[in-house]
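Fold and contact review
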Amino acid sequence: MNRKILVVEDSLTFRNYLEQLLSQVGYQVFCAKNIAEANAILLSEPDLLCCVLDYCLPDGQDGEVIELALTHQHKVIVLTALFNPELRENMLAKGVVDYLLKDSTASVSYILPLVQRLEKNQQHKCLVVDDSQTVRNHVVQLLEHQYISTAQAENGAEALVQLKSDTAITFVITDHDMPEKDGVSMIREIRQNWDRNRLPVLGLSATDDATLTAQFLKAGANDFLNKPFNPEEFYCRVHQILDMKEATNELYRMANQDALTGLWNRRYLFNQACSGCSVRNIAMLDIDYFKKVNDNYGHDGGDTALITIAKILSLYFPNDIVARFGGEEFCIQACGEFDDFASRLDKLRQRIEKTTITHNDTAFKITISIGAAPSDVSLEQQIKLADNRLYQAKEDGRNRVIFN
């Protein structure tokens, strides 16, 4: 992912501050103190995440550097020492990302979360729903200025079809008054399949109905904005929605993923539902003689072994649920024919047996034992049956799969 940023600022103090602020979190910062230096960087570095530009420079006191960066199709954040409402409006109309006062380091520090928001925006896609092509084009243009990709729908019915077919859509912006299905009705249907955190919705409307905000929020919208709106307020609402979505996703990940291996954990395994397949297969896996690995190579060596096993499990079962059940024990939930599942498990066992694990310049190998069971009982009973077969595999000599 591109993490290059151009900073153009004639004040050495602010320039050094911005370079330090952005560099310390991993951005590659190119600094210039005038338009001439900025132009040289723009010509040599065409792939920039964004440009942070001082409005008034010694060789261009009327925002010429902004025009230059926009000509190169870059995202621009403007810094200025003076607040000018007309200038601010003009800059935002040109498509700059934001317009910030540099009256203090506290004000300028807002740049870091803004830049990080731009970087994260590249992972998002918004479905814009409005029966007006003009409004859709305006909203799409604003979003694309912020690296957010878009899809469009003319009404609520069309939007619901798109949501089911396009899994890349991460949030929705919708009008209310539309033919076939209005915004509030559409949101009610959305909430039958997607909660507020998984698919946020921002409602828009130009109506004079004072109750519409409450109607949107009660139907399940995350926020509401009256049209016509100020681009800055629009961006603030969108950013807030995405910040909340990402924070919730991170909390969910922390609660349901194993910190060491990145696999799902036991909590997730028991809380999820099998995705509608007719045959659910479960396998319980255990690393053979894992205590000896810890004794011989230390707990760091044991962690390396666990991480290696997790990577191989994900490689052989990429579309299935793979969880670290606890300690050196893992669980796989997969749909499909049981014979095929058992065959894949044995290929997995053979792959692990042949894999050399390296830790602190020391190489070693491990094996696994596996018990598997098809789904003719509840998940808990199925796991217990697979676990019993796992122990049978260990009693029979380890490094084998028992599935009957």
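Presented here is a report on the structure given in the accompanying data block. Keep in mind it's a predicted model, so treat the numbers as computed, not measured. (Residues numbered from 1 in each chain as written. Predicted model: local features only at pLDDT ≥ 70, side-chain atom pairs only at ≥ 80, totals over all residues. Heavy atoms only, no water.)

Before going further, it helps to examine the overall build of the chain. Counting its regular elements, the chain contains 15 helices and 18 strands. Relative to the globule expectation of 22 Å for 404 residues, the C-alpha radius of gyration of the chain, 28 Å, shows a markedly less compact shape. Referenced to the eigenvectors of the C-alpha coordinate spread, the extents of the chain come out at roughly 80 × 60 × 30 Å. Total accessible area on the chain stands at roughly 19,600 Å², and carbon and sulfur atoms take up 47% of it. Computed over 41 positive and 56 negative side-chain charges, the inter-centroid distance for the chain is 8 Å. (Helix = DSSP H or I, 4+ residues; strand = E, 2+ residues; numbered from the N terminus. Rg over C-alpha atoms; globule rule 2.2 N^0.38 Å. Areas by Shrake-Rupley, 256 points an atom, 1.4 Å probe, with all protein chains shown as cover. Lys, Arg positive; Asp, Glu negative; His and termini not counted. Charge placed at Lys NZ, Arg CZ, Asp CG, Glu CD.)

Moving on, we get to the sheet that holds strand β1 (residues 4–8). The strand order across the open sheet formed by 5 strands is β2-β1-β3-β4-β5, and the pairing between neighbours is parallel. The open sheet is flanked by β2 (28–32) and β5 (98–101), the only strands paired with a single partner. Across the sheet, the mean angle from the axis of one strand to that of its neighbour is 20°, orientation sign disregarded. Across 5 bridges, the pairing between β1 and β2 is parallel. Within β2, the position partnered with Val 7 by the bridge is Cys 31. Against the sheet, helix α3 (residues 64–71) contacts β1, β3 (50–54) and β4 (76–80), and its axis sits at roughly 165° relative to β3. (Pairing = 2+ DSSP bridges. Axes fitted to C-alpha atoms, helices over the stretch in contact; angles between N-to-C directions. Contact = heavy atoms within 4.5 Å.)

Another point: the environment of Gly 220. Here Gly 220 is to be found in the loop between α10 (212–219) and β10 (223–226). For Gly 220, a relative accessible area of 4% gives the class buried. Linking Gly 220 and Ser 23, residues 197 residues apart in sequence, is a C-alpha distance of 40 Å. Contact partners of Gly 220, with chain neighbours within four places excluded, come to Ile 187, Arg 191 and Arg 196. (Buried < 20%, exposed > 50% of the residue type's maximum accessible area, 1.4 Å probe, protein only.)

So, on to the packing of helix α6 (residues 111–121) against helix α11 (residues 231–256). Contact pair α6 / α11: the axes reach a minimum separation of 11 Å and the direction vectors enclose 70°. With respect to their mutual orientation, α6 and α11 come out roughly perpendicular. Residues Leu 114, Arg 117, Lys 120 and Asn 121 of α6 lie in contact with α11, whose contacting residues are His 239, Leu 242, Asp 243 and Glu 246. Per-class residue counts for the contact of α6 with α11 are 2 nonpolar, 2 polar and 4 charged. (Parallel < 35°, antiparallel > 145°, perpendicular 65-115°, else oblique. Nonpolar A, V, L, I, M, F, W, Y, C, P; charged D, E, K, R; others polar.)

Across all of its chains, the model carries 10 aromatic pairs by this definition. The interplanar angle of 45° and the centroid separation of 5.1 Å between the aromatic rings of Phe 216 and Phe 224 together place this pair among those described as tilted. Side by side, Phe 216 and Phe 224 carry an identical accessibility label, which is buried. With 6.2 Å between their ring centres and 70° between their planes, Phe 338 and Phe 403 make a pair best called edge-to-face. Highlighted residues: Phe 338 in helix α14 (residues 338–354) and Phe 403 in the segment after β18 (401–402), separated in sequence by 65 residues. On the accessibility criterion, Phe 403 (33% relative accessible area) is partly exposed. Clustering of aromatic rings is evident, with ring pairs tying together Phe 317, Phe 338, Phe 341 and Phe 403. Just above the ring of Tyr 27 sits the side chain of Arg 3; from NZ or CZ to the centre is 4.1 Å. In this structure, Arg 398 is placed above the aromatic ring of Tyr 289, and the distance from its NZ or CZ to the ring centre is 4.2 Å. (Phe/Tyr/Trp six-rings, centres within 6.5 Å; stacked < 30°, edge-to-face > 60°. Lys NZ or Arg CZ within 6 Å of the ring centre and 35° of its normal.)

As a further point, take the pattern of salt bridges. Across all of its chains, the model carries 25 salt bridges by this definition. Between Lys 120 and Glu 246 there is a salt bridge, with its nearest N and O atoms 3.9 Å apart. Placement of Lys 120 in helix α6 and of Glu 246 in helix α11 is noted, with a sequence separation of 126 residues between them. Residue Lys 120 is classed as partly exposed on the basis of its relative accessible area, which comes to 38%. Here Asp 175 makes a salt bridge to Lys 227, at a shortest N to O gap of 3.3 Å. Of this pair, Asp 175 sits in the loop between β8 (171–174) and α9 (183–190) while Lys 227 sits in the loop between β10 and α11, and the two are 52 residues apart along the sequence. By the burial criterion, Asp 175 is buried, and Lys 227 matches it. (Salt bridge = Lys/Arg side-chain N within 4 Å of Asp/Glu carboxyl O.)

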